[in-house]
Amino acid sequence: MYSRFSAHMVICAALALALAAGALAQGTQNELSAVQRLEVMRSKLESLRRSLSGAISSMDPQSAAEKKNPDDPRERLRGLDKEVGSVISEVSDIRSKQDRSDRYDPTILDRLETSVADLNTRVQAGLQATAGARSGNVTASTTATKKKKKGRLFGLLGGGGGDKYEELTGTVAAGRDRVLFEEAAKEVRKGNHETGRLLFSTIINTYPDSGFLPLAKLAIADSFYLEGTTASLIQAAQAYQDWLTFFPTDPLADDAMLKVAEAEMRQMGLSDRDITHARKAEQRLKALLQQYPQTNLRPIVEDRLREAQESLALHGYQIGNFYLDARYKGKKGGLKGAQSRFKEVMDKYPNFSLRDGVLFKLAFTYQEEEEPDEAAKYYQELLRNFPNSEYAEKAKDQLSIIGAPVPDPDPARKNIAPAERPGFMGSLMKEVMGRADVTVNTDGILIRRDRKEGTADLIDEALKYNGQLPSNVTPVAPVQRSRPAPVNPAPRPSTQNANQPATIAPASSAPREIKPER
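Please read all numbers here as calculations on a predicted model, not as lab measurements.

Attention shifts here to the overall build of the protein chain. Counting its secondary structure elements, the protein chain contains 20 helices and two strands. Taking all 518 residues of the protein chain together, 49% fall into the buried category. Across the protein chain, every contact between residues at least 6 apart in sequence was considered, and the portion connecting residues at least 24 apart equals 67%. With an accessible surface of roughly 25,000 Å², the protein chain has 51% of that area assigned to carbon and sulfur atoms.

If you want it as structure tokens, here you go:
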């Protein structure tokens, strides 16, 4: 009964995959769903609006003449704020249509994404250009705003703490970038990710010459990664990539590339579903090894790559099984389709945990096509390399039918145990959760999710050395640090030395295998 249930699940999944493949063939370019794209746009626009609102409220009140002057800093920011509000309305309108299943032109999403990207560039430039117009004193209007909002910072904070942050974000003063950096880190550690991002963004928009700026950009990416929702992980991957664009030679660049891959892995579904994220994770990890061949992150990257490829191989194997089963239902092309999939898995994923099953079924397809020599080749490879496989006895029987010799097993492979099947409850839970069983580090590069008392993150090192990281303790993700910083380390520029190796301890545990039901 259980095997019949599993077979039905595989067949349904393969049909869904075939429909998805057809949609891709018709020209679908964007790999995110419409809802995901709208959610990412909404989050970015709301962040821009909060930054603009804070900058506008911190400026001195305008005279009547200034209100008529479009070059006035406040009017410039207000104009941008109106544009952001207009795009937010469009995004909300499309989201409502999506929720009601109303029809709309799908190309409008591309136009909106272009508008959001353009607005982001212009808002960042506008905030930096108007930084000098923000008064160093808290104005009467700002004080009134504080009372009106009862200590809330743009709707994000409650209580008296909002007053402190409103003054920090609304005025410019020497040394305030360090205070913002420290407070932002505290908020992210407490789980107030949006507030932390606002404070980090203030450094970027208001203190363009700050020594904390490169790490503030990286910390924003960390905050998205730590938040961990689907929309946040999408933005985390993009934020890490943006940081790499600005600082490609930074010693933390290989860590950032790994985080891009891990953000994709955290979104991976089961192998019988969409494999877009698994493919992207594989591409990112391969690119990391190619771009940084001497990285000390190599053991971890190779483990992650094996897990991503295991999921991709299992995907191909399951579709091959579907085609093989379809042949017995009178469908054309089943045998050739299965053969093609099994050969692809053999060639691309030599370390696949179910390789013995692939060999046996590939041999079977050749035997059915009356190509006994090719069939014997794969049966013999199975017996040499997987002598303890559950398919071993069946392979011997088929070799006897063909009249081919049974090979001796490879001595080095005699003690290799066959891959284990997951139990019924394990398979059921994976189906319910809908997530691939992969190993990823959920900590950021600079900020750890659960920092223990007495331990330090890299962000603490940055505060200790005024925005720099000691050259002999970077680049290292917090949980991978193997030794503390020495007493008098020499600071290094945060964006210069591209050839400096990373310091990392090997992964403490082996990756978990994805063990499917055959």
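Further notes follow.
On to the pattern of salt bridges. Summed over all chains, the structure comprises 27 salt bridges. A salt bridge links K377 to E374; the nearest nitrogen and oxygen atoms lie 3.3 Å apart. With K377 and E374 both in helix α17 (residues 372-385), this residue pair falls three residues apart, about one helical turn. A residue is classified by how much of its surface remains accessible, and K377, at 38% relative accessible area, is partly exposed.

Looking now at the layout of surface pockets. Quantified by volume, the largest pocket comes out at close to 1,200 Å³. In terms of lining residues, the largest pocket is bounded by 40 residues, among which K44, N120, Q238, A239 and D242 are the most central. If you list the elements that add at least two residues to the lining of the largest pocket, you get α2 (34-57), α5 (107-129), α9 (193-206), α10 (213-227), α11 (230-246) and α13 (276-291). Of the residues forming the lining of the largest pocket, the biggest block, nine residues, is contributed by α11. Within the lining of the largest pocket, the residues separate by chemical class into 14 nonpolar, 16 polar and ten charged.

Moving on: the packing of α2 against α9. Geometry of a packed helix pair, given as the angle between the helix axes and the separation of the axes. The contact between α2 and α9 brings their axes to 10 Å, and the two run at 60°. Classified by the angle their axes make, α2 and α9 are oblique. You can see that α2 and α9 cross each other, and the crossing is right-handed. Where α2 abuts α9, its residues S47, R50 and S51 lie against E194, L198 and N205. Considered class by class, the residues forming the contact of α2 with α9 number one nonpolar, three polar and two charged.

Under the defined criterion, the tally for this structure stands at eleven aromatic pairs. Plain terms: the ring middles of W243 and F247 are 5.5 Å apart, the flat faces sit at 50° to each other, and that makes the pair tilted. Accessibility classification places W243 together with F247 in one group, the buried group. With a centroid separation of 5.9 Å and 65° between ring planes, the pair formed by Y317 and F352 is classed as edge-to-face. Note that Y317 is positioned in helix α14 (residues 298-327) and F352 in the loop between α15 (334-348) and α16 (355-368), a separation of 35 residues in sequence. Each member of the pair, Y317 as well as F352, carries the same accessibility label: buried. Aromatic ring contacts, followed pair by pair, group F181, F200 and F212 into a single cluster. The residue whose ring lies beneath R197 is F224, and the NZ or CZ to ring-centre distance is 3.9 Å.

Across its 14 residues, α16 extends 20 Å between first and last C-alpha, which sits within 8% of the 20 Å expected from 1.5 Å per residue. The set of residues buried in α16 consists of R355, D356, G357, V358, L359, F360, K361, L362, A363, T365, Y366 and Q367. Two residues or fewer past α16, E370 is found with a positive phi of approximately 60°.

Next up on the list: unusual backbone geometry. In this structure, E370 takes a positive phi of about 60° despite not being glycine. Mapping E370 onto the fold places it in the loop between α16 and α17. Take E370: its relative accessible area is 71%, and that puts it in the exposed class. The backbone of N466 sits at a positive phi, close to 55°, despite the residue not being glycine.

With 93 residues, the main nonpolar core has F181, F200, Y240, L252, F352 and L446 as its most contacted residues. A per-element tally of this core places α10 first, with ten residues. Here Y240 is in contact with L218, A221, D222, Y225, A256, K259, V260, G444 and I445, once residues within four sequence places are set aside. Among the nonpolar cores identified, the runner-up in size contains 22 residues, and M41, L52, L77 and V87 belong to it.

Let's shift gears to the environment of H193. Here H193 is to be found in helix α9. Overall, H193 belongs to the buried group, its relative accessible area being 14%. The spacing of H193 and I220 is 27 residues in sequence and 8.7 Å in space, taken between C-alpha atoms. Aside from chain neighbours lying at most four places away, what touches H193 is E187, V188, S223, L226 and E227.

In the predicted model, the protein chain carries a mean pLDDT of 75, and the fraction of residues at 70 or more is 69%. Note on residues 1-30: pLDDT is under 50 here. Beyond four places in sequence and across chains, it has 20 contacts. Between residues 472-518, whose pLDDT stays under 50, and residues either more than four places distant or in other chains, the model counts 129 contacts.

On to the environment of R284. Relative to the elements of secondary structure, R284 occurs in helix α13. By relative accessible area, which is 27% here, R284 ends up partly exposed. Separated by 21 residues in sequence, R284 and L305 place their C-alpha atoms 9.2 Å apart. The residues touching R284, leaving out its near neighbours within four places in the chain, are Q241, M257, V260 and A261.

When you line up the elements, K186 lands in helix α8 (residues 176-189). Considering only alpha carbons, one finds K186 and G196, ten residues apart in sequence, at a separation of 7.6 Å.

About the criteria used
- Residues numbered from 1 in each chain as written.
- Predicted model: local features only at pLDDT ≥ 70, side-chain atom pairs only at ≥ 80, totals over all residues.
- Heavy atoms only, no water.
- Helix = DSSP H or I, 4+ residues; strand = E, 2+ residues; numbered from the N terminus.
- Buried < 20%, exposed > 50% of the residue type's maximum accessible area, 1.4 Å probe, protein only.
- Contact = heavy atoms within 4.5 Å.
- Areas by Shrake-Rupley, 256 points an atom, 1.4 Å probe, with all protein chains shown as cover.
- Salt bridge = Lys/Arg side-chain N within 4 Å of Asp/Glu carboxyl O.
- 1 Å grid on protein atoms, 1.4 Å probe; cavity = no way out; pocket = protein on both sides within 12 Å on 5 of 7 lines; lining within 4 Å.
- Points joined across faces, edges and corners; volume = space filled by probe spheres on them.
- Nonpolar A, V, L, I, M, F, W, Y, C, P; charged D, E, K, R; others polar.
- Axes fitted to C-alpha atoms, helices over the stretch in contact; angles between N-to-C directions.
- Parallel < 35°, antiparallel > 145°, perpendicular 65-115°, else oblique.
- Left-handed = near helix turned anticlockwise from the far one by under 90°.
- Phe/Tyr/Trp six-rings, centres within 6.5 Å; stacked < 30°, edge-to-face > 60°.
- Lys NZ or Arg CZ within 6 Å of the ring centre and 35° of its normal.
- Expected span 1.5 Å × (residues − 1).
- Core = buried A, V, L, I, M, F, W, Y, C linked by side-chain atoms within 4.5 Å.
- pLDDT = per-residue confidence, 0-100.

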